[in-house]
Amino acid sequence: MAFDDTGKINFVNAFLCEALGYTAEELIGQSFERILTISSRLFYQTHFFPLLRLNGKVSEIFLMLRSKTAESIPFMINGHREVIGGQVLNLCACFTVWERQKYENELLESKKILQKALEENVLLNSLKSDLEKNQQQLDQQISMLIQRSHEYVQLNKVLSHDLQEPIRKIGIYADILHHSEKISTDTQLKAYTQRIFETVERLRELTNCLQQFVSVESHEEEFATVQLDTLLAEAIQEATRVTDFTDFSVEAAGLPQIEGRASQIGMLFRELIKNAIENRNPTSRLHIRIGAAIVEENSYHASKNKYRYTDHVKLEVKDNGMGFEKRYSTYVTGLFNKLNSESKGMGMGLALCRQIVSNHYGTLSIQAVEGSGCTVLVMLPVKQPENL
Amino acid sequence: MSTDVLKRNNVTIHGKGSTPMLFAHGFGCAQQMWRYIWPAFEEDYKIVLFDYVGSGRSDLSAYNSERYANLNGYAEDVLDICRALDLRDVIFVGHSVSSMVGVIASIKEPDRFRELIMIGPSPRYINDEAYLGGFERQDIDELLTTMEKNYIGWANFLAPAIMKNDERPELGQELIDSFCSTDPVIARQFAEVTFLSDNRRDLTHVKHPSLIMQCSEDLVAPYEVGYYLRDQLTTSTLVLMNATGHCPHMSAPDETIHLIRQYLQSNHQPA
């Protein structure tokens with residue numbers, strides 16, 4: 001048989017007509033695909049035609065043809081392209097392969113069984129050695145984590161009590177000094193004690209920030225389903241209260257529900273909004289736009305060559321603030337690192353955000369353009385790994 | 001890292017322009033399927049061609065069945081190439097399943113892309129309640145059998161996929177020429193990932209202008225699918241092609257080139 005590049009049948013011989021139960025008149029001018037089963041049409045479109053077109057020939061291609069009575073008939077086809085009468089035609093020799101198909105089916109079946117067994121064996125062996133290696137590593141890491149977790153509890157206690165006490169005492173004695181008669185007349189000494197007050201205050205703030213940072217690490221709160229839009233609304237109120245700033249707008253759409261620790265996710269939103277407020281552009285009204293989309297991301301972060309694509313919410317928090325130079329993108333998420341010397345913040349907000357996000361097995365990155373705002377990109381799993 | 005990716009995905013670069021045009025092949029073939037198209041654009045664009053890992057002359061040892069069990073793994077190939085070549089404002093041209101790979105990549109890293117040109121796209125091949133994709137699950141299973149039958153000669157020569165056959169490289173070459181892939185197991189997984197994919201929910205997140213090139217009488221992506229995509233992609237343009245079948249870039253290269261060029265020159269809705 002012959003057909004042109006649009007698939008139209010140009011010629012068909014008596015053998016093929018008989019095999020399919022058509023007359024030549026019924027087939028000529030029709031599409032070649034009409035005499036293929038659906039799956040063979042797919043193979044024709046994805047393999048047969050591209051190969052014939054690219055290589056000029058195909059050999060021993062197996063296709064199921066469809067007879068007039070809708071029966072599937074196995075065919076082996078060889079084809080090549082030729083210019084006949086100024087027209088490019090695809091010439092195909094088609095043979096029925098009933099017998100061969102039987103052998104092939106058996107061959108395929110036994111091959112499949114064999115291959116499966118082989119694959120499983122190879123796979124099992126490699127998995128076994130991987131498993132042993134991983135288990136050893138995992139054990140080391142778990143024992144280190146347990147140790148670290150104890151340390152965090154200690155550190156939390158130190159920061160919330162032990163350190164607070166000496167700070168409080170310095171404050172008290174500085175106050176006594178400040179109000180004592182001996183220095184009340186000495187303006188120089190009075191300025192010094194004032195500096196002590198300010199330093200104590202700053203020390204207290206730093207300690208509180210550190211304590212907050214450390215407490216995020218203690219995993220007392222369980223994961224639960226949280227509504228991101230509700231948490232965002234609360235966080236906006238909280239950020240407004242803390243910064244005493246109200247002249248801004250937030251536009252958020254399509255925030256889904258995910259699994260997370262509600263207080264931490266709330267803190268994440270609050271810190272992101274506080275960050276935008278603190279680094280706003282004084283010449284234009286602050287506008288924060290929060291977009292959300294569900295994308296599939298690899299849930300393995302540290303293990304190389306491990307892939308498992310799961311649903312993540314991609315949050316894009318975009319403001320029209322001051323932005324910063326591109327080279328500081330990593331610096332700004334460091335603990336107590338800040339670029340804006342005008343702001344009252346401690347340089348803690350984004351570090352806290354990064355900590356919260358990694359506690360939820362997510363990722364956080366920041367892109368900024370100096371003078372025209374920054375975009376914080378947060379990727380959080382919709383379901384926490386252990387609950388998949 | 002960057003040279004590794006270029007080697008891994010057999011990246012080839014042509015052209016005199018600076019705006020990148022990235023051509024992504026579909027299931028069943030490799031980058032040579034673009035050979036009638038890209039030369040038309042080489043004067044004005046930087047042409048980037050590649051093979052997905054597992055197809056064509058890519059590095060088969062980089063194939064990871066977990067990564068490529070999902071179209072996101074293929075999208076990661078596209079993004080890896082964009083990062084390695086530091087491509088921005090890419091005009092992405094995807095055939096068939098690659099259209100959705102482009103959709104995924106453009107949502108993940110929007111800044112890398114400028115426009116999406118989709119040839120015979122479909123966000124889902126299998127019918128689902130009111131949605132008409134054109135196939136039933138059973139059709140896909142039969143396709144997998146047809147593929148196995150066509151790989152049978154080779155599959156018996158070649159050791160199973162997990163034991164790479166290095167002693168007879170000529171077999172690999174022959175198979176590349178015949179099937180654009182040396183490995184029946186990989187080809188099968190690609191078929192499964194392609195035809196069982198469902199990317200309908202991603203469509204609302206596409207912000208880039210896109211061109212949907214809908215062929216006539218295309219079994220793989222019927223008219224209904226083209227209309228569905230046009231309605232879901234708010235910044236899209238649908239063109240109905242005279243070309244029949246699923247491979248207009250091979251059966252009707254002139255019409256394909258003309259429509260792409262016309263679209264690139266038009267003032268379609270910007271991103």
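Residues numbered from 1 in each chain as written. Chains lettered and ligands numbered in written order. Predicted model: local features only at pLDDT ≥ 70, side-chain atom pairs only at ≥ 80, totals over all residues.

A. Here's a closer look at the overall build of chain B. What chain B contains, in helices and strands, is 9 helices and 7 strands. Going through the 271 residues of chain B one by one, you find that 53% of them count as buried. The contacts in chain B between residues at least 6 apart in sequence include a share of 75% that link residues at least 24 apart. (Helix = DSSP H or I, 4+ residues; strand = E, 2+ residues; numbered from the N terminus. Buried ≥ 20, exposed ≤ 12 C-beta atoms within 10 Å, placed from the backbone. Contact = placed C-beta atoms within 7 Å.)

B. Structural view of the overall build of chain A. Counting secondary structure elements, chain A contains 10 helices and 12 strands. If you line up chain A on its principal axes, its C-alpha atoms span 125 × 55 × 35 Å. Taken over 388 residues, chain A has a buried fraction of 29%. Excluding contacts between residues fewer than 6 apart, the proportion of contacts in chain A whose partners are at least 24 apart in sequence is 59%.

C. Geometry of the packing of helix 2 (residues 71-84) of chain B against helix 3 (residues 97-108) of chain B. Residues and elements named next belong to chain B. Packing of helix 2 against helix 3 brings their axes to within 8 Å, and their N-to-C directions diverge by 65°. What the angle tells us is that helix 2 and helix 3 run roughly perpendicular. Crossing hand, helix 2 versus helix 3: right-handed. Counting all contacts with helix 2, which are made through Leu 71, Asn 72, Tyr 74, Ala 75, Val 78 and Leu 79, the residues of helix 3 involved are Met 100, Val 101, Gly 102, Ile 104, Ala 105 and Lys 108. Considered class by class, the residues forming the contact of helix 2 with helix 3 number 9 nonpolar, 2 polar and 1 charged. (Axes fitted to C-alpha atoms, helices over the stretch in contact; angles between N-to-C directions. Parallel < 35°, antiparallel > 145°, perpendicular 65-115°, else oblique. Left-handed = near helix turned anticlockwise from the far one by under 90°. Nonpolar A, V, L, I, M, F, W, Y, C, P; charged D, E, K, R; others polar.)

D. Spotlight on the sheet that holds strand 2 (residues 9-11) of chain A. Residues and elements named next belong to chain A. The antiparallel open sheet is built from 5 strands, whose spatial order is 2-1-5-4-3. Each end of this open sheet is capped by a strand with a single partner; those strands are strand 2 and strand 3 (57-66). Note: strand 1 (residues 2-3) against strand 5 (residues 87-96), 2 bridges, orientation antiparallel. Residue pairing across strands places Phe 3 opposite Asn 90, the latter belonging to strand 5. (Pairing = 2+ DSSP bridges.)

E. Spatial organisation of helix 8 (residues 228-243) of chain A. Residues and elements named next belong to chain A. An ideal rise of 1.5 Å per residue puts 22 Å on 16 residues; helix 8 measures up with 22 Å between its terminal C-alpha atoms. Regarding helix 8, the residues found buried are Leu 228, Leu 231, Leu 232, Ala 235 and Ala 239. Down the axis of helix 8, the sector holding all buried residues measures 100°, keeping them to one side. Away from its buried face by more than 90 degrees, helix 8 exposes Gln 237 and Arg 241. Its buried side turned inward, helix 8 meets strand 6 (224-227), strand 7 (248-253), strand 8 (257-260), helix 9 (262-278) and strand 9 (286-298). (Expected span 1.5 Å × (residues − 1). Arc of directions from axis to C-beta.)

F. Region of interest: the interface of chain B and chain A. The interface of chain B with chain A comprises 40 residues on the first partner and 42 residues on the second. Residue assignment for the side of chain B that touches chain A shows that the elements contributing at least two residues are helix 2, helix 3, helix 4 (137-157), helix 5 (169-179) and helix 8 (248-251) of chain B. Ranked by the residues each element gives to the side of chain B that touches chain A, the list is headed by helix 4 of chain B, at 11 residues. Residues that form the side of chain B that touches chain A fall into these classes: 15 nonpolar, 15 polar and 10 charged.

G. Structural view of the nonpolar core. With 102 residues, the main nonpolar core has Leu 63 of chain A together with Met 21, Leu 22, Phe 92 and Val 101 of chain B as its most contacted residues. For Phe 92 of chain B, the residues in contact, after removing those within four places along its chain, are Leu 22, Ala 24, Gly 102, Phe 113, Leu 116 and Ile 117 of chain B. Residues Ala 235, Ile 273, Ile 277 and Val 357 of chain A belong to the second largest nonpolar core, which totals 44 residues. (Core = buried A, V, L, I, M, F, W, Y, C linked by C-beta atoms within 7 Å.)

H. Examining the sheet that holds strand 7 of chain A more closely. All names here are of chain A. Reading across the sheet, the 5 strands line up as 7-9-10-12-11 and stay open at both edges, with mixed pairing between neighbours. Taken across any chain shown, the strands that pair with only one partner, and hence form the sheet edges, are strand 7 and strand 11 (363-369). Across this sheet, the average inter-strand angle for adjacent strands is 20°, counted without regard to direction. Two strands pair when backbone bridges link them, and strand 7 and strand 9 are joined in this way by 6 bridges, in the parallel orientation. For Ala 252, the partnering residue across the bridge sits in strand 9 and is Ile 290.

I. Representation of helix 6 (residues 184-195) of chain B in the model. All names here are of chain B. For helix 6, spanning 12 residues, the distance from its first C-alpha to its last is 16 Å, which sits close to the expected 16 Å at 1.5 Å a residue. When helix 6 is considered as a whole, its buried residues turn out to be Pro 184, Ile 186, Ala 187, Phe 190, Ala 191, Thr 194 and Phe 195. Axial view of helix 6: buried residues confined to an arc of 160°, hence all on one face.

J. Just the environment of Ser 96 of chain B, in detail. Residue and element names in this part refer to chain B. Summarising the element assignment, Ser 96 is placed in the loop between strand 4 (90-95) and helix 3. In this structure Ser 96 comes out as buried when scored by C-beta crowding, with 28 C-beta atoms within 10 Å. Each C-alpha atom, one on Ser 96 and one on His 246, is 7.9 Å from the other, the two residues being 150 residues apart in sequence. The contacts of Ser 96, once residues within four sequence positions are left out, are Gly 26, Phe 27, Gly 120, Val 220 and His 246.

K. The arrangement of the pairing of strand 7 (residues 236-244) of chain B in detail. Where strand 6 (residues 210-216) of chain B meets strand 7 of chain B, 6 bridges bridge the pair, whose relative direction is parallel. Residue Ile 212 of chain B lies in a different strand from strand 7 of chain B, and its bridge partner there is Leu 238 of chain B.

L. The domain arrangement of chain A, seen in detail. In terms of domain boundaries, chain A breaks down into domain 1 (2-96), domain 2 (133-214) and domain 3 (221-387). One C-alpha centre belongs to domain 1 of chain A, the other to domain 3 of chain A; they are set 58 Å apart. (Domains from an automatic or database assignment.)

M. Layout of the packing of helix 7 (residues 187-217) of chain A against helix 10 (residues 349-359) of chain A. Residue and element names in this part refer to chain A. Two elements in contact, helix 7 and helix 10, have axes separated by 10 Å at closest approach and are oriented at 5°. Regarding the angle of helix 7 to helix 10, the classification is roughly parallel. Of the residues in helix 10, those in contact with Gln 212, Phe 213 and Val 216 of helix 7 are Ala 351, Leu 352, Gln 355, Ile 356 and Asn 359. Of the residues that constitute the contact of helix 7 with helix 10, the class distribution is 5 nonpolar, 3 polar and no charged.

N. Up close: the environment of Thr 19 of chain B. Residues and elements named next belong to chain B. As for its position among the elements, Thr 19 is in strand 2 (residues 19-24). For Thr 19, a count of 16 C-beta atoms within 10 Å puts it in the partly exposed group. Residues Thr 19 and Ser 251, spaced 232 residues apart in sequence, show a C-alpha to C-alpha distance of 27 Å. Once residues within four sequence positions are removed from consideration, Thr 19 is found in contact with Tyr 45, Lys 46, Asp 89 and Ile 91.

O. Summary view of the pairing of strand 10 (residues 309-319) of chain A. Residues and elements named next belong to chain A. Looking at chain direction, strand 9 and strand 10 are connected through 11 bridges and run antiparallel. Bridge assignment links Ala 292 to a residue of strand 10, and that residue is Leu 315. Of the strand pairs in this sheet, strand 10 and strand 12 (residues 373-381) are connected by 7 bridges, and their pairing is antiparallel. Along strand 12, the bridge assignment pairs Val 313 with Leu 380.

P. Quick peek at unusual backbone geometry. Residue and element names in this part refer to chain B. Of note in this structure, Ser 96 is not a glycine but carries a positive phi near 55°. Phi is positive for Glu 129, which is not a glycine, with a value near 50°. With respect to the secondary-structure elements, Glu 129 resides in the loop between strand 5 (113-119) and helix 4. With 5 C-beta atoms counted inside 10 Å, the residue Glu 129 sits in the exposed group.

Q. Looking closely at the confidence of the model for chain B. All names here are of chain B. Confidence in the prediction of chain B, expressed as mean pLDDT, is 87, and 86% of residues score 70 or more. Every residue in residues 154-168 is under pLDDT 50, and counting partners more than four places away or in other chains gives 19 contacts. Scoring of the predicted complex yields 0.77 for pTM and 0.73 for ipTM. (pLDDT = per-residue confidence, 0-100.)

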